[in-house]
Amino acid sequence: MSKHSGILRAIRRRLSLLERRLAECERGLLTGDSDDTREEMKGLLAEYQEEADAEVKHLVWCFVLSSRYVFILVAGVILSFASMGSYSLLVLTPAFLSAFLLPAANPASVHRWAFLLQMSWQTLCHLWFQYASPRLEDTQNTRFSISISSLMLLTQRVTSLALDIHEGKLRSTPENQEHGSFQRSPRSHLALCSYMLFFPALLGGPLCSFLIFDKQIKGLGPSLVNPIWIFGCMCLRVLVLQTLRIFMQDWVINQPGLAECSKCSCVSTMWTTALLFKMTYYSHWLLDESLVYVAGFGLQLGHQTENCHRELSDMDLWTLETTNRLSLFTRTWNKSTSQWLRRLIFQKSPMQPLLVTFIFSAWWHGLYPGQVFGFLCWAVMVEADYRINQYFSLVVKSWHAQLLYRFLTLMQTQLVIAYIMIAVEMRSFSVLWMLCGSYCSIFPLLNCGLLIWLVKRSMKT
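Residues numbered from 1 in each chain as written. Predicted model: local features only at pLDDT ≥ 70, side-chain atom pairs only at ≥ 80, totals over all residues. Heavy atoms only, no water.

Draft legend 1. Structural view of the packing of helix α9 (residues 265-294) against helix α16 (residues 399-426). Close contact between α9 and α16 brings their axes to 8 Å; oriented N to C, the two are set at 70°. Regarding the angle of α9 to α16, the classification is roughly perpendicular. The segment α9 lies against α16, with V267, M270, W271, T273, A274, F277, K278 and Y281 engaging Q414, L415, A418, Y419, M421, I422, E425 and M426. Looking at the contact of α9 with α16 residue by residue, the class counts come to twelve nonpolar, two polar and two charged. (Axes fitted to C-alpha atoms, helices over the stretch in contact; angles between N-to-C directions. Helix = DSSP H or I, 4+ residues; strand = E, 2+ residues; numbered from the N terminus. Parallel < 35°, antiparallel > 145°, perpendicular 65-115°, else oblique. Contact = heavy atoms within 4.5 Å. Nonpolar A, V, L, I, M, F, W, Y, C, P; charged D, E, K, R; others polar.)

Structure (structure tokens):
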């Protein structure tokens, strides 16, 4: 702001001098000046007047833009303290440090340092939570859990921003830029702090890149859709899902658990319990997206609205519940996180990128026994899905066989996902032991058997 004020003062001084000069010309005090000189001075006066008006408008716009960033930042800090209490420092500390350190880092290595520092901090917080959770009261335990969840989302934003800087999508220093340009360079620490603590997505929601965040804050283009209408439609879908979940929950309560079930009844228990987990995820994702949209994000990008909508959406309910491809389910489940993992880990891994991606996902989630087993199993199942589909797409020819194949693989996909979800969500070793010892293990073992057979077959050929 001081730079803009100095430029404005210089323009005003030049403008004042020209006004006095022109007045002298018009009063005839300078008899030596010709009419051409006075006309030239009038043109210069008009030019400097336009430049001064443009600078005033630019300063007003900078003030409005700064006030938007301040509002988002203050709202994020207030929300963090209200929901997490003193544990909000676990999120605020790395958020502010990242906002000030990332622009000063070397673009060639900024993504590595951001990844190591953020994941080290998050891992320490995860270990602290696992140690302290049994000793905390319910309220403190809930606040601590919320702070861990928010910290995981902050890790996404920090590493995403670092990758943008590393890949040249953002410049960490404003080189050869026009006066006042801010479009593709995160020069403002205020903008970065507000991005790190973006309150609609602080506690949950899709990952929004800094480029989209910056464009939306600047309000480029008119809103093409009424955000209140989108919010109402999403809330109606949440209401339907929650109603179905209540009926499903009453049904699950009357069923035997994994410790009491026997043989095939364990499969029913596993599938219905996993369905409850999925309905909870669907409801939360819809609410998170509705908050992002009601804040105006994803609705003001002109011809890029559809692409932005896909980037700011975590759920495709139809694909998740009807696909017979486990790999497609994996890419669609929690879509923005899947894309973030693909960009951060999968595309950067020199060997075994699929396995490394799922190992990192287990690390990012907290390294509970159920999560480690679940994500490793998920990696094997995705690899099996690729090979099984590649083989049977060549074998199955008639439409009757294709229809039967699609139905069987649809059931297999949903049951394998249910198995993985129970392992990941229950977390504990005792539940994992009961799950592995039940009839539910037949479905992932079937995929493992086919994978081994197809690998051996490809080695022979």
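Draft legend 2. Quick look at the state of the cysteines. Scanning all chains against the criterion turns up one disulfide. Covalent S-S linkage joins C261 and C266, the inter-sulfur distance amounting to 2.0 Å. Its torsion about the S-S bond being 95°, the disulfide of C261 and C266 is classed as right-handed. Of the two residues, C261 and C266, both sit in the buried class. The thiol of C377 is not disulfide-bonded; the next cysteine sulfur, from C448, is found 6.4 Å away. Looking at C377, the relative accessible area reads 12%, which means it is buried. Sulfur of C436: no disulfide; nearest cysteine sulfur belongs to C377 and is 8.4 Å away. (Disulfide = S-S within 2.5 Å. Buried < 20%, exposed > 50% of the residue type's maximum accessible area, 1.4 Å probe, protein only.)

Draft legend 3. Structural detail: the environment of S145. By secondary structure assignment, the location of S145 is in helix α5 (residues 138-166). With 19 residues separating them along the chain, S145 and H126 place their C-alpha atoms 9.4 Å apart.

Draft legend 4. Quick peek at empty space enclosed by the protein. One pass over the structure, following the stated rule, counts two cavities of 30 Å³ or more. Reported here for the largest cavity is a volume of approximately 40 Å³. Forming the boundary of the largest cavity are L153, Q156, R157, A201, G205, P206, L207 and C208. The residue inventory of the lining of the largest cavity, partitioned by class, reads five nonpolar, two polar and one charged. Space inside the second largest cavity adds up to approximately 30 Å³. Lining the second largest cavity are T123, H126, L127, W363, G366 and L367. (1 Å grid on protein atoms, 1.4 Å probe; cavity = no way out; pocket = protein on both sides within 12 Å on 5 of 7 lines; lining within 4 Å. Points joined across faces, edges and corners; volume = space filled by probe spheres on them.)

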